[in-house]
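Examination of the molecular architecture
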Amino acid sequence: MNALVPLPVLLPLCATGLSLAFGTRLKQVQRFISVAVLTAVLGLSLALMIAADTSGPLSVHLGDFAPPLGITLVADRLSGLMLTVSSAITLCVLVYSLGQGMADRDEETPVAVYHPAYLILVAGVSCTFLAGDLVNLYVGFEIMLVASFVLLTLGGTGPRVRAGSTYVIISLFSSMLFLTAIAMTYAAAGTANFAQLAGRLAALPLGVQTLIQAMLLTVFAIKAAVFPLAAWLPDSYPTAPAPVTAVFAGLLTKVGVYSMLRTETLLFPGNRLGDLLMAAALASMVIGILGAVAQTDLKRLLSFTLISHIGYMVFGIGLATRDAYGGAIVYVAHHITVQTTLFLVAGLMERRGGTTELTRIGGLAKAAPLLAVLFFVPAMNLAGIPPLSGFIGKLGLMRAGVADGSVWAWILVIGSAVTSLLTLYVMAKVWNLAFWRAAPPGQAADGTVLEADSEEEDNDIDEGPDHIRGSGDEPVRPRHQPAGRAVAATLHGHAVTTTRKLPRPMTAATAAAVALGLAFTVFAGPLTSYTDRAAAELLARAPYVEAVLGR
């Protein structure tokens, strides 16, 4: 079974070469390769999760080089669950993007590079979850980020390039900081392997330990979009195509949360920076949801809720108890699914109504009842309405906070409750504006072709004092109707046609993501039992160390 551990990384990388070789000449083959490989990765991830739960952590030293020289990959309960959920979500998003590409006839370059870039992104995410040392964790981040640069700027439109530039600058800064932290760790401890660091870091002076911990937390907080290091996210994500935005929102920030979970439990036990993490968690919750309340564009609104709900996960990490870690793991799995689903629904709403600007869209509950259901279920799940999985995760975290009994814990419990209520308010606002009320005058009619203006035309438009460039709401001039802002709707970024009947693959993929979120509710008992065992394994540390070092 150990031999299966590298395959979630190797299969997408090998498929990338095949996908590039075929390109658009045999586009059906390219699509088949992507779907087949991600289906195989999902099966492998599920097998690794079950094996790690029944037999303990699995590890492999590539090339049979022992630490610290070799590349070590490890699959334990935490990484197995993250791999399984991320694989299921990336498969749903891929099917969604295939439906969008076929509906828009996106067959030309640069869409030809979409499949290779997407497969590289999946390989990077898998590498990050399986990495057994800081160096390969960094490599996983970089593989993932290189692919994300391509996907974020796909089509080369002005708004996407501007948003991509911000994303690149922030990512390069965090990468340099990460490299510095790795160099300091290796200089102080003589290794970057997690299992070896678990024993060696405790022997270092407290000041050195704290400095390394603070630097790693800063890097991972940037990746996870923890306030105050989250300002880049609302302006970067909404401009990308809907499937790209969905997978970014669902996975890329959770990779940062996963890294915080891994290093805080394995390398820095004792919760020395717990109060700082809880302060950051509270700020993320409250400021993020207040930002969402102020938005009228659905994609930017969801971007702010993403920042807000990252705070729940950091809350669990800051408490550093078994119940808190268990609740945080449940919430990570839940949030990957629900946040991705909501961004997929936003893409469907944009295709149906021509915009994600809530002041310019309405009547969708009557016009597209299935779309209304696909939005309502994950929206209530995100808000934490019982008995959905969002409620289960939040309840676990709040119970852990009450059991802890510290001042910070009680403040976070209250902050969690307030944030949950405000999330419900935000989702209700979206429902009332986009679905419940009648369609406003000027809403794009069925069959309207919405085209993004060129950069030169953009410069001649009076955008108004409240316009935010690069936010995904660049003006478009439809050929028939004066409504809609669809610059981010298609993969190539140039045009979208509103349709009364949504493409079936896009709807089916979104429905599958909704069903996955509901499955967390149906199987809440086994899920919480599994995450409790994962939390106990994280705190024990010995099973992980023994699996890697053999003692």
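Residues numbered from 1 in each chain as written. Predicted model: local features only at pLDDT ≥ 70, side-chain atom pairs only at ≥ 80, totals over all residues. Heavy atoms only, no water.

Quick word on the overall build of the chain
In terms of regular secondary structure, the chain is built from 21 helices and five strands. When burial is assessed residue by residue, the chain has 61% of its 551 residues classed as buried. Here the contacts in the chain between residues at least 6 apart in sequence split such that 82% fall between residues at least 24 apart. Total accessible area on the chain is roughly 19,000 Å²; 67% of this is exposed by carbon and sulfur atoms. (Helix = DSSP H or I, 4+ residues; strand = E, 2+ residues; numbered from the N terminus. Buried < 20%, exposed > 50% of the residue type's maximum accessible area, 1.4 Å probe, protein only. Contact = heavy atoms within 4.5 Å. Areas by Shrake-Rupley, 256 points an atom, 1.4 Å probe, with all protein chains shown as cover.)

Here's the deal with the packing of helix 4 (residues 114-130) against helix 5 (residues 134-152)
Interaxial distance between helix 4 and helix 5 falls to 8 Å at its minimum, and their mutual angle equals 155°. Between helix 4 and helix 5, the angle is such that the two are roughly antiparallel. Helix-helix and strand crossings are classified by hand; for helix 4 and helix 5 the assignment is left-handed. Across the interface between the two elements, Tyr114, Ala117, Tyr118, Ile120, Leu121, Gly124, Val125, Cys127 and Thr128 from helix 4 touch Asn136, Leu137, Gly140, Phe141, Ile143, Met144, Ala147, Ser148, Val150 and Leu151 from helix 5. (Axes fitted to C-alpha atoms, helices over the stretch in contact; angles between N-to-C directions. Parallel < 35°, antiparallel > 145°, perpendicular 65-115°, else oblique. Left-handed = near helix turned anticlockwise from the far one by under 90°.)

So, the packing of helix 1 (residues 7-22) against helix 4
Look at helix 1 against helix 4: their axes get within 8 Å of each other, and the N-to-C directions meet at 165°. Classified by the interaxial angle, the pair formed by helix 1 and helix 4 is roughly antiparallel. Helix 4 is crossed by helix 1, and the crossing has left-handed handedness. Counted together, Pro8, Val9, Pro12, Leu13, Ala15, Thr16, Ser19 and Leu20 of helix 1 and His115, Pro116, Leu119, Ile120, Val122, Ala123, Ser126, Cys127 and Leu130 of helix 4 form the full contact between these two elements.

Concerning helix 16 (residues 389-404)
The first and last C-alpha atoms of helix 16 sit 23 Å apart over 16 residues, in line with the 22 Å expected at 1.5 Å per residue. Looking at helix 16, one finds that the buried residues are Ser389, Gly390, Gly393, Lys394, Leu397, Ala400 and Gly401. Looking straight down helix 16, one finds that the buried residues subtend no more than 140° of arc, so they occupy a single side. In helix 16, those exposed residues whose orientation departs by more than 90 degrees from the buried face are Arg399 and Ala403. Contacts from the buried residues of helix 16 go to helix 12 (298-319), helix 13 (322-353), helix 15 (369-383), helix 17 (407-436) and helix 19 (504-522). (Expected span 1.5 Å × (residues − 1). Arc of directions from axis to C-beta.)

Here's the deal with helix 12
The first and last C-alpha atoms of helix 12 sit 32 Å apart over 22 residues, in line with the 32 Å expected at 1.5 Å per residue. Of all 22 residues making up helix 12, 22 are buried, and the element is well covered by its neighbours. The backbone nitrogen of Lys299 has a side-chain oxygen 3.1 Å away, supplied by the residue at the start of helix 12, namely Asp297. Directly beyond the C-terminal end of helix 12, a positive phi value near 60° is found at Ala320. (Polar contact = N/O pair within 3.5 Å; in protein donor to acceptor, adjacent residues only side chain to side chain.)

Regarding the pattern of salt bridges
Here the structure, examined in full by the defined rule, presents seven salt bridges. Residue Arg533 pairs with Asp53 through a salt bridge whose shortest N-O separation is 2.9 Å. Remark: Asp53 occurs in helix 2 (residues 27-55) and Arg533 occurs in helix 20 (residues 524-540); sequence separation between them is 480 residues. With its nearest N and O atoms 2.7 Å apart, the salt bridge here joins Asp532 to Arg322. With Asp532 in helix 20 and Arg322 in helix 13, this residue pair connects regions lying 210 residues apart in the sequence. (Salt bridge = Lys/Arg side-chain N within 4 Å of Asp/Glu carboxyl O.)

A look at the packing of aromatic side chains
Counted under the stated rule, the structure contains 14 aromatic pairs. Relative to Trp232, the ring of Tyr167 lies with its centre 5.7 Å away and its plane at 55°, an arrangement referred to as tilted. A residue pair is termed long-range when its members are at least 10 positions apart, and Tyr167 in helix 6 (residues 158-189) and Trp232 in the loop between helix 8 (206-224) and helix 9 (233-236) qualify at 65 residues. Of the two residues, Tyr167 and Trp232, both sit in the buried class. (Phe/Tyr/Trp six-rings, centres within 6.5 Å; stacked < 30°, edge-to-face > 60°.)

Things to note about a nonpolar patch on the surface
Residues Val286, Ile287 and Leu290 make up a contiguous nonpolar surface patch of roughly 220 Å² in combined accessible area. Here Val286 is to be found in helix 11 (residues 274-293). Looking at Val286, the relative accessible area reads 30%, which means it is partly exposed. (Patch = residues over 30% accessible without salt bridge, like charges linked within 9 Å, V, L, I, M, F, W, Y side chains within 5 Å.)

Quick notes on the side chain of Thr16
Here Thr16 is to be found in helix 1. If near-sequence neighbours (up to four positions away) are discounted, Thr16 is found in contact with Pro116, Leu119 and Ile120.

So, the side chain of Ser86
Assignment of secondary structure puts Ser86 in helix 3 (residues 77-104). Reaching out from Ser86, the side chain makes a polar contact with the backbone oxygen of Met82 at a distance of 2.8 Å. Not counting chain neighbours up to four residues away, the residues in contact with Ser86 comprise Val125, Phe129 and Leu251.

Considerations on the environment of Ala88
Among the secondary structure elements, Ala88 is positioned in helix 3. Residues Ala88 and Ser45, 43 residues apart in the sequence, show an inter-C-alpha distance of 9.4 Å. Not counting residues within four places of it along the chain, the set of residues in contact with Ala88 comprises Leu42 and Leu516.

Considerations on the environment of Pro505
One can find Pro505 in helix 19. Along the primary structure Pro505 and Leu94 are separated by 411 residues, whereas in three dimensions their C-alpha atoms are 9.9 Å apart.

Concerning the environment of Ala368
As for its position among the elements, Ala368 is in the loop between helix 14 (364-367) and helix 15. Measuring from C-alpha to C-alpha, the distance between Ala368 and Arg352 comes to 8.2 Å, with 16 residues separating the pair along the chain.

Things to note about the confidence of the model for the chain
Per-residue confidence for the chain gives a mean pLDDT of 84; residues scoring 70 or more make up 86%. Low pLDDT (under 50) marks residues 451-489, which in the prediction has 99 contacts with non-local residues, meaning those over four places away or in another chain. (pLDDT = per-residue confidence, 0-100.)

With respect to the pairing of strand 2 (residues 71-75)
Remark: a regular strand shows side chains that alternate across the two faces of the sheet. Among the five residues that make up strand 2, four are buried, leaving the element largely enclosed by the rest of the structure. Examined bridge by bridge, strand 1 (residues 58-62) and strand 2 share five bridges and lie antiparallel to one another. Residue pairing for strand 2: His61 is matched across the bridge by Thr72. (Pairing = 2+ DSSP bridges.)

Overview of unusual backbone geometry
Put simply, Phe227 and Pro228 share a cis peptide bond, and its omega is 10°. Tracing the chain through its elements places Pro228 in the loop between helix 8 and helix 9. Following Pro386, the chain continues to Pro387 via a peptide bond in cis, the omega torsion being 0°. The residue Ala225 is not glycine, and still its phi comes out positive at about 60°. The exposure class assigned to Ala225 is buried, which follows from its relative accessible area of 0%. The backbone phi angle of Ala320 is positive, close to 60°, even though this residue is not glycine. Its place among the elements puts Ala320 in the loop between helix 12 and helix 13.

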